[in-house]
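Okay, here's what each chain looks like letter by letter:
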Amino acid sequence: MKKTIFLVLILLSLLLVGCSTSNEATNKPVIELESNQLEINYIDDIKTKLFNNVIKIYDQEDGTYELDTYPEFNINVDNEDIYSGKLGTYEVTYRVKDADNHMTEKNITVLIKSNDATVSNPHSEVISFQDYNLTNDGLYYQLKSQYGLTVLLRQIDSELLNNYENQLNYDEINAQIEKDKQSQGEEDFVRMFKLAGMIDDDIVDYYKLQFLRKAVAWEKAYTEISTDEDLINENYSEYIENLDVCAIPLRFETEDEAQTTLNEFSDFTGDELLSKYTNKYNELGIEILPTDTSSWCTNVVITSEDKDEIGEDLYHQVYNNMSDGEFTTGVKSLDDYYYLIYRVKEEDTPSLEDVKEEIISSLIEDELTSDYQQEVLLDLRREHHIEILDQQFQNQYANADTEYQTVEETSRTIVARYEVNGETKEVSADDIYDILKIRYGISSVLNKINRMSLNTVTEIQLSEQKIVELEQQLNAIKTQYQNQYASYGITWTQYLNYAYSVNTEEELFDLIKSNQLIINYVNLENPVEDTDILNRYNDLVENEWNEIKASHILIQCDDSVMGACEEAYMKVVNIISTLIDTEESEVKNKFAELAQEWGEDGTANNGGDLGFFKSGDLVKPFEDAVVELNIGEYTKEPVKTKFGYHVILKTDEKPFATKPDGYDSMSEEEKLETEYGLLLKQIKRDIQSEQLTPEIIDDLLARLRNELGISFSNQDMENQYQVIQDVYIIN
C-alpha cells in the first residue's frame, strides 16, 4: 500500500513539473530568424545584417511586439573582430527578455567572407603572442580598409605622373624637406618617418609625389587662368590697391626700452631720423621680415601676405594708420611687443605686363586647393582607364569620384588595373600588402600587444575599486555623448570611432583600462621618491608664489586707434598721482573709490578687487608687476597689458603651506588632513603626470616587450619592428 502511494506521488510530481516546464516554455518569447547559418561579405554593414536576420520576436500568448517594447534585446558575439570585418567563422547569440523576465536565446553561426583578392600565403603567421595569433590575410584585411586605397592610389599616381618629372625642381623638394625638419625638429622628423618605415630615398619619394600631384594641377590651372584676361585685369586692379610698403619696425620686449630709444630720436628729423631707425634696426638684430635688397627699398618690405607672420596689429598700423614718411611719435603696444615704426614709402605702381606672371601665379596658388588638385587627379586616372576590382576599394573610391564606373569583375590576386602608353598595368594584393605591412603593420597591432604585455605585470593590475572608478569614467563619456552629440543624429558607434578610434563600448572600456595600466606601470618603473617631492616643494617655496590677492584699476584702450592708448596711459598716471598724494593709511579706501570712479571692467563696482589668484590665472605682464609688490603697495608706473593700462594694489598673499609640528609621527590619513600634506600629495601627482610623456611611455613599453621576447614571424615586419624598438628605447 505504501509503495503504491509513493509511486502515485512520484507520478503527480512529474506531472506538475511537466506542467510547469510546459507553461514556462509557452511563456517564453519566440525568436524567428531568416537563417541559422549566415554568410556576410566583409564590406557589408555587419551589425545591420545581423539585426535584419531577425524576422520577428513575439510572445506566444500576447502576440508580436516591436523589439523596443521588450525590456532587453541583445545580439552578442563571441569575438568583437566580427564587426571590423575580419574573415572567419563566429558564434552569434540573439537574446531577448520580456516584461515577465522570461529569457530566450538563439545561437547561429556567421561566416565573414570575401570575394576580393587576397595575399600569397594567407594563413602564414605574422605574430603569435599568448592567445593572440595573426596571419597574413588577417593583417591585410585589417589594414586595407583604413589605408589600402591610399597606398593603391599613391602607387598608381606615381607611375601616371612620371611624364611630369621633368617639371620637378629637386632643390625645392629638398628645401621643403629641410623646412619641415626645422619646423618639427630634425629628430622628431626622422623619428616620424622611421616609424612609418621610410628613410632617405623613401622620404624624397614621399615628397616627390606631393610635388608631382601639384605640378599636374598647376599646369591645368595655368592653362585656364593665363587665357582669362578679364580675371587678370580684375586682379591687377586689386594688386595696385595693396602695394608693398617699405618700413622700419623697431621691436622691443619692454616699454621702457622703446621709450628710451624714442627719447634718443627726439632731436632728429628727415634723412637723419631715417638713418637712426636703420642703424637701430640693425643693432637690435631682430628680423621682423628679411631686409629687402631691391632698388626701391633697402629696409623691410611688408606685403599684404605678411599679416600672419608679423602680427595683425603691426600690419594694420603700417598699412592703415601711417602714410609715407611718417613715424610713430609714441610707443605702440602691438602683438605683445612694443614698437617704434618708420614707414618709408609705398612701392611705385607697376604696369600690368610687369606683374602679369606674378598675378597669374597668385591666382593659381588660390586655385590649387586640395579639392581642385583632387579633381585634376581624378581626371588623369579616368584618362588612363583605371579599373578597381577590389569591392572595398571600389566603394571607397566611388565616394570620391562620382563619375567612376564600377566594374563587376573580381579577381583573387589583382586589386586594380590601368593603362600607361597603351600598356595595361596591374596592381596585386601582394603589391599593396608589401607596403601596408611595413608602413602600418606594426602600429596597428602594437596597442593590442602592449595591453597583453601589461597584463603580465601583476603589480599593476586593477583593483575592483579602480574598475568601478573606470566604469564611472565610461558612464561620464556616455553622458557627454547623450548631452552633446546624440541630438545631432550621431550614433554611439560613430562617436566611438571618431573620438576614440574604437568600434564598440567594450573596446572603449578596454582602452580606458589599458591607459590606467600604463599609468600604473610608469609609476611602478619610475617611482616618485620622498626626496623628489621635498626638492620640488623647496623649489616652489624659494622661487614661486602661491596665491596673491590684488585690486586694480583698468583703463582700456585699443592700439589700433590713433592716440587711444596715449590717453589711457595719462589717465592711469593721474590716478597714480592721486594715490601718491593720499595718506598711506587711506590708500586702500582711496584705491577702491578711484576704481569705482575710473575702472572700466567688471571689478570696478567692487573697488577693483580681483580676489586671490594663482600663477597663470592672469596675463603675464600683470602677474610680473604684482609679484614685485609688498602687501599694501601699488604700482608707481602704469602697467600695460593687452587689455589696456592698469594700476595695481597688492592686498594680501598666501604663502605655501609649511610643515606642522608632529607631522612625521602622523598617520597617512592625518597627514592628508593638513594643508602641507595635501600640498605634498599634489606635488607627487604633478611629478607623476610629468612622467607620462609619450617618450617615457614608449620607452618603458618597448623595454617590457623586449623582456617578454616579442618578435614577428614575418621577416619584413620583424625588421621594421626592430627599427621601431630602436626609436622608442631611450639610451
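These numbers were taken from a predicted model, which means no experiment stands behind them.

About the thresholds
Residues numbered from 1 in each chain as written. Predicted model: local features only at pLDDT ≥ 70, side-chain atom pairs only at ≥ 80, totals over all residues. Heavy atoms only, no water. Pairing = 2+ DSSP bridges. Helix = DSSP H or I, 4+ residues; strand = E, 2+ residues; numbered from the N terminus. Contact = heavy atoms within 4.5 Å. Axes fitted to C-alpha atoms, helices over the stretch in contact; angles between N-to-C directions. 1 Å grid on protein atoms, 1.4 Å probe; cavity = no way out; pocket = protein on both sides within 12 Å on 5 of 7 lines; lining within 4 Å. Points joined across faces, edges and corners; volume = space filled by probe spheres on them. Nonpolar A, V, L, I, M, F, W, Y, C, P; charged D, E, K, R; others polar. Disulfide = S-S within 2.5 Å. Buried < 20%, exposed > 50% of the residue type's maximum accessible area, 1.4 Å probe, protein only.

(A) Quick peek at the sheet that holds strand β15 (residues 414-420). Taken together, 3 strands build an open sheet; the order of strands is β14-β15-β16 and the sheet is antiparallel. Looking at the sheet topology across the chains shown, the edges are occupied by β14 (387-388) and β16 (423-428). Bridge count for β14 against β15 is 2 bridges, and the pairing is antiparallel. The residue of β15 that forms the bridge with Ile388 is Ala416. Packed onto the sheet, helix α3 (residues 136-160) meets β15 and β16 and runs at close to 10° relative to β15.

(B) Region of interest: the pairing of strand β6 (residues 88-97). Both strand β5 (residues 72-77) and β6 contribute to a ladder of 6 bridges, which runs antiparallel. Looking at the pairing, Glu72 lines up with Lys97 of β6. Note that β6 and strand β7 (residues 103-113) share 10 bridges and pair antiparallel. Each bridged residue has a counterpart across the sheet, and for Gly88 the counterpart in β7 is Ile112. Adjacent in sequence and paired antiparallel, β6 and β7 are bridged by 5 residues, among which Asn101 carries a positive phi angle near 65°.

(C) Structural detail: the layout of surface pockets. Within this model, the second largest pocket holds a volume of roughly 1,000 Å³. In terms of lining, the second largest pocket is formed by 35 residues, of which the most central are Thr254, Glu255, Tyr338, Val639 and Lys640. The set of elements that each furnish at least two residues to the lining of the second largest pocket consists of α8 (255-265), β12 (332-334), β13 (337-346), α20 (564-580) and β19 (639-641). Among the residues forming the lining of the second largest pocket, the class breakdown is 14 nonpolar, 8 polar and 13 charged.

(D) Structural context of the state of the cysteines. A complete count under the given rule lists 2 disulfides for this structure. The disulfide bridge from Cys246 ends at Cys297, spanning 2.0 Å between sulfur atoms. Residues Cys246 and Cys297 are joined through a disulfide that is right-handed, its torsion about the S-S bond being 70°. With a gap of 51 residues between them, Cys246 in strand β10 (residues 245-252) and Cys297 in the loop between α9 (270-284) and β11 (300-302) connect regions that are remote in the sequence. Summarising the burial analysis for this pair, Cys246 and Cys297 share the class buried. Note that Cys557 is cross-linked by a disulfide to Cys565, the S-S spacing being 2.2 Å. Its torsion about the S-S bond being 90°, the disulfide of Cys557 and Cys565 is classed as right-handed. With a relative accessible area of 6%, Cys565 lands in the buried category. If the cysteines joined by disulfides in the protein chain are listed in sequence order, their pairing comes out as 1-2, 3-4.

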